[in-house]
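# Structural overview for review
Residues per chain are reported as follows:
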Amino acid sequence: MADSPSFRRHPLPFSVDLLRWLPSSTSSARLIAAAVHDPTIPASSHLHLLSLPDPASPLASLPLPSRPTALRCSPSVLAAATSSGSLHLLPSSFDTDSVISIPSGAGFHVGPVRGLDCGGEEWVTAGEDGRVHLVSDGGDGRVVARRVCDGKGMLGYEAARWASSAEFATGGAGCGVQWWDRRKGDAVVAQCKGIWGRGVAAGIVHSIDIHPSRKHICVVGGSSGAIFAWDLRWPQQPIPLSGVGLHETAEPICESEVWEVLFDNYTQSSDIISAASTRILPVMMCSEDGILAIVEQDERPLELLAEPCAINSFDIDPQNPSDVVCALEWESIGVLTRGRDAMAAE
Amino acid sequence: MLADSGGGGAIVPFSGDPNHAAPPPPPVRPIRHGVAPPISRVFVSWSSGNLLQVACLSGGRGAEEVAGSVVEVNLAVANGSAEVEQEIDEAEMRRIEYGSVPAFALLQSRRNALADAAAMQHMHSVSERAEWWQYVLQYSKTIGKLLGSPDSLPGLMIEDPRAILKVRERPTSLKAAWELLEIFYVDKNLHSWLPERLVDWLADYDSLLTKTDGTVYCKLSDFQKKLINLQVVENDPDYWNGLSAALSVGWLDVVVNMLRFHGSYQLDQMDNRETENGLVEAVAVLVSTMPRMRPDLPTGKLGQCCTSRPDFIKAWEKWRGQVSKLECSAFWIQCGHQKTRDGLKNLLHIMMGNIKDLTAATSHWLELFASHFLYIRPFTVGFEGMHHLAQKCIQLKPSFGNSGLTGLLNGILSENPEVVLAECTKKFGPWMVTHSMELLAADNEYADIMLHEERPNFGGLSIEELHRLVYAQVLSSHSLTWQIAPTYLSSCLNQGLGLLEILLLKQPIQDNRQVLKTLELCRLYELENVSTNIMKIAGIYHWKHGRKGTGVYWFQQAHDKVRLDRIAQQLFERIGKSVADDNFKQWEGLVELLGSDIGSAGGLEFLHRYRDFKRSLQQALEGRTGEAARQTVEFLIQLMRNPSTPQRFWLPLLHDSVRLLNCKPCPLLNVAETTLLLNKLQELSMAKLRPDFCTNHLPSHALSSVRLALASNLARAILEEP
């Protein structure tokens, strides 16, 4: 499928936590937003604008009050949430003068906010403090955060993802995946414990992705190498995607934390005919033990990278899905370019 | 040592050692702790890395003041003794540290594999030894590549023809030292042309030899600056000095290039300086055809390669013959330019190995040393001969500014691995020592024994383990590199594992992701009890900070029965207290979270039934639908019938239902059910007299109000009964 992918590591003088491709207007500049920090220097958390192919020096940067924990990009807005519980929105052109921030505190989040996603008009934020907020434009350059739920510490959220303008999914520690419907009074309408490996009853959900054309299917990555899909039409039967929970002989692609999952538009499903209805589309994942791979239902996983250090985050370029950028634990970022031949065949 | 930023705070004077006449003033760090004086107590303890935690407790009685605070002081001071850190900044050093982990781990696993194979065969085969040497060479090359600057300068499109020294990446002493060790200890392929290898090394790193005394490199770069303003180069003595210096250390390409600057090459002068030009060209040709005892030459370097000794001797004698023939030639008389004549003759003398001219041409003893290999003793082999020669050169050109590289070379030539190790420690820091030990012991039995022998005065550690532990400590002290310390600790058999456990337990647990990363390391090194402990600590932390869900999650992952039971116990104690809706939600959430894990507390079933009862009771009281009320009563009867329901909850349960029993026009309970409840009430009244009866927080009239409600219900039920 992906013939001769080329990979290049770029060492940087700071630790990169999260990475996202930014929409670029010109074809020459490939822009990346990187959430970075350097623990040896106080107040060194930043959002950097890096450019490829030479990301060594940031083109622009925005200081953040604490370590960034979530980063998402919509076509027009770039949003970052921090470990203290604040949210920062800026235009995706990285105009640092027009940043809008919501400070952390009793009115918003206290503690890390790891669930963050844009659903057209509104942003959803879900924090480890168990609170879920919807943030929308309040007019005249202000934003309004509306509390949807306060778990009062009974739940801690780690991930959030919109399915449509009325539905979104959240996930966290111990609570599995939850499906929220705004039309039914902003309430949880379905819940799934998930499938966890190594004889563990419950795990932490780290990442959720929902395919834009199949809004009833969530794919979930979590602790102990768990990757599963949850189809709302059969909410009681999550579908295992990693080796975990399949059959005894299947070797799991990884046994450590799966930090991020994303549907991979570049990889074609091996079975195109049946792909129309029930099949889960190919999913890319990255993990603590340094694996970047593509997993597919009932298929052998395709390993793209096996790094000696953790891959904390990755992003597939929406404009050019053969390119993947990933944040490596050892203060560097990696850029993976998959073969162009397969692109032409699509 | 402790001073408040306000100025009027606590100052603890530092008393120096009275035996010393003048103790140096201690470094003072102001700390902003914000605690109003007087401060009654100060606690100081090490946190992770270079962080010092200072806790200040106020002695004041004012309630509105800050009673105490904990501040973290970062004591990170750059280790000035290591020369490496002046050349390589911290981020670059960390890049080297990260990059060397896979190479180091691979070499360790290969060593273990070989040891296992040897144990199976009960002998050391020769091929194994050879194999090992190949592995170490591969390791050395990988790390050497890492030490080269990653962003090497892009090749210039148009090369300046007047450039003497090639522009290339800035050499670092760390890489120079690494290559030196590789040349002498590992690379067996090159042993027969070791002198030439040393000449190459000098060409790369000559600029690093000394900062105070001059070098050939200095001479040439000074001349390069002067060159732009020079009209007639051959009149300048520095031109000839530079030429002889470059030739003496064997930079033939530089010499030939420089000779072409000579004025006689200029077209307008060709006619009247023909002989002069012929002599310059003849010298240039001789320089470029110098025989060299080596397998190949990199592109751009000059000389003719000879791989075998007889070939070389033949070529050498022929070449020397040509040199001396030119020296005695009659053309010199026709050469009108005095400086050219003297300069060229000097070059010929250098090529003929005139020791006086060589000594004059070179600046540093190492350069003189290299020139000996080139022109006087091309067959020098063996450490003893080299060492002897080095001593002679040092006597001729004593050096004062020691750069570490010369010390290292001295140690190598005197066959003294202890000195080599000490130089590495002193000048290049713990990274270098830890990684270079593999090179030292690759093919040197003495060094092998010296490094691996367990020493009782080190508590049974070997020198190798000691240095690895030191390096691991350095890595652990930085919050970005601590994750690679386990690789080195796990290669230490004696104390590595113990320190690894301490390292893992000391990691901060505030951030869930950080905890997961630490747990991953525990899994990798199969430290299950450590991971259980970390989960428990994380659980307590989150529980204490109100994130009960996360807390319970960690307790469950740790299978911490004790704490889960305690939580379940707390849930029991809440029962019967009149709980507000909001609190009940929280209580309900906790029961939900605990799930099946509170089974051992004996009351899981009860808690779930109680929750169902309470839920439907609320519905019944709000909605007043007959359905919900009937449901509630059913739950109540089930609870009262069930033997697992503790007696102390009977009265609270009944008391909760009083409002429901009273408000309905038609009786909810039939006669049998009411009798059951009355019997339970009776039992309770009897039990009250026993000494072990525990009272609950209900009002004193609770019992009588329940009795009244039940009695009236019974009366109505009897009337209803057909």
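The structure reproduced in this document is the subject of the present report. (Residues numbered from 1 in each chain as written. Chains lettered and ligands numbered in written order. Predicted model: local features only at pLDDT ≥ 70, side-chain atom pairs only at ≥ 80, totals over all residues. Heavy atoms only, no water.)

### Things to note about the sheet that holds strand 4 (residues 46-52) of chain A
Residues and elements named next belong to chain A. Where we set the bar: Note on pairing: DSSP must find at least two bridges between two strands before they are called paired. Secondary structure is summarised from DSSP: a helix means a run of H or I of at least four residues, a strand means a run of E of at least two, and numbering begins at the N terminus for each. For helices, the fitted line uses only the C-alpha atoms of the stretch in contact; every axis is such a line through C-alpha atoms, and the angle between N-to-C directions lies from 0 to 180 degrees.
If you trace the four strands from one edge of the open sheet to the other, you get 2-3-4-5, paired in antiparallel fashion. In this open sheet, the two strands that pair with only one neighbour each are strand 2 (15-21) and strand 5 (60-63). Averaged over neighbouring strand pairs, the angle between their axes works out to 25° when direction is ignored. The pairing of strand 4 with strand 5 spans four bridges and is classified as antiparallel. In the sheet register, His46 faces strand 5, and the bridge partner there is Pro63.

### Points about the pairing of strand 13 (residues 142-150) of chain A
All names here are of chain A. Here eight bridges tie strand 12 (residues 131-139) to strand 13, and the two strands are oriented antiparallel to one another. Note on strand 13: the bridge partner recorded for His133 is Arg147. Linking two consecutive strands that pair antiparallel, namely strand 12 and strand 13, is a turn of two residues; a positive phi of about 35° is found at Asp140 within it.

### Topic: the packing of helix 9 (residues 274-288) of chain B against helix 10 (residues 309-327) of chain B
All names here are of chain B. Basically, it comes down to this: When an angle is under 35 degrees it counts as roughly parallel; over 145 it counts as roughly antiparallel; between 65 and 115 it counts as roughly perpendicular; any other value is oblique. By convention, the crossing between two helices is left-handed when the near helix turns anticlockwise from the far helix through less than a right angle, and right-handed when the turn is clockwise. By the convention used here, residues are in contact when the closest approach between their heavy atoms is within 4.5 Å.
The N-to-C vectors of helix 9 and helix 10 enclose an angle of 165°; their axes lie 11 Å apart at closest approach. Between helix 9 and helix 10, the angle is such that the two are roughly antiparallel. Where helix 9 crosses over helix 10, the handedness of that crossing is left-handed. Facing helix 9, whose interface residues are Leu279, Ala282, Val283 and Leu286, helix 10 presents Trp319, Gln322, Val323 and Leu326.

### A word on the interface of chain B and chain A
Put simply, the rule reads: The quantity reported as buried area is the accessible area (1.4 Å probe) lost by two parts once they are put together, taken as the sum for both. A carboxyl oxygen of Asp or Glu within 4 Å of a side-chain nitrogen of Lys or Arg is what we treat as a salt bridge. Each polar contact in these results corresponds to two N or O atoms within 3.5 Å; when the atoms are within protein, one needs to be able to donate a hydrogen and the other to accept it, and residues that are neighboring in sequence are counted only if both atoms are side-chain atoms. Polar here means any residue outside two lists: the nonpolar Ala, Val, Leu, Ile, Met, Phe, Trp, Tyr, Cys and Pro, and the charged Asp, Glu, Lys and Arg; Gly therefore counts as polar.
Between chain B and chain A, the residue contacts involve 32 residues of the former and 34 residues of the latter. Here chain B packs against chain A, burying approximately 2900 Å² in sum over the two surfaces, 55% of which is carbon and sulfur. Residue Glu255(A) pairs with Arg523(B) through a salt bridge whose shortest N-O separation is 3.7 Å. Between chain B and chain A we count nine residue pairs in polar contact (both at pLDDT 80 or more) in total. Looking at the side of chain B that touches chain A residue by residue, the class counts come to eleven nonpolar, eleven polar and ten charged.

### Brief notes about the sheet that holds strand 7 (residues 77-82) of chain A
Residue and element names in this part refer to chain A. Ordered in space as 6-7-8-9, the four strands form an open sheet in which the pairing is antiparallel. Edge strands, defined here as strands with exactly one partner in the open sheet, are strand 6 (68-73) and strand 9 (100-102). On average, adjacent strands in this sheet sit at an angle of 15° to one another, irrespective of strand direction. Here five bridges tie strand 6 to strand 7, and the two strands are oriented antiparallel to one another. Pairing of Leu71 across the sheet is with Ala80, part of strand 7.

Just distances and angles here, no functional claims.
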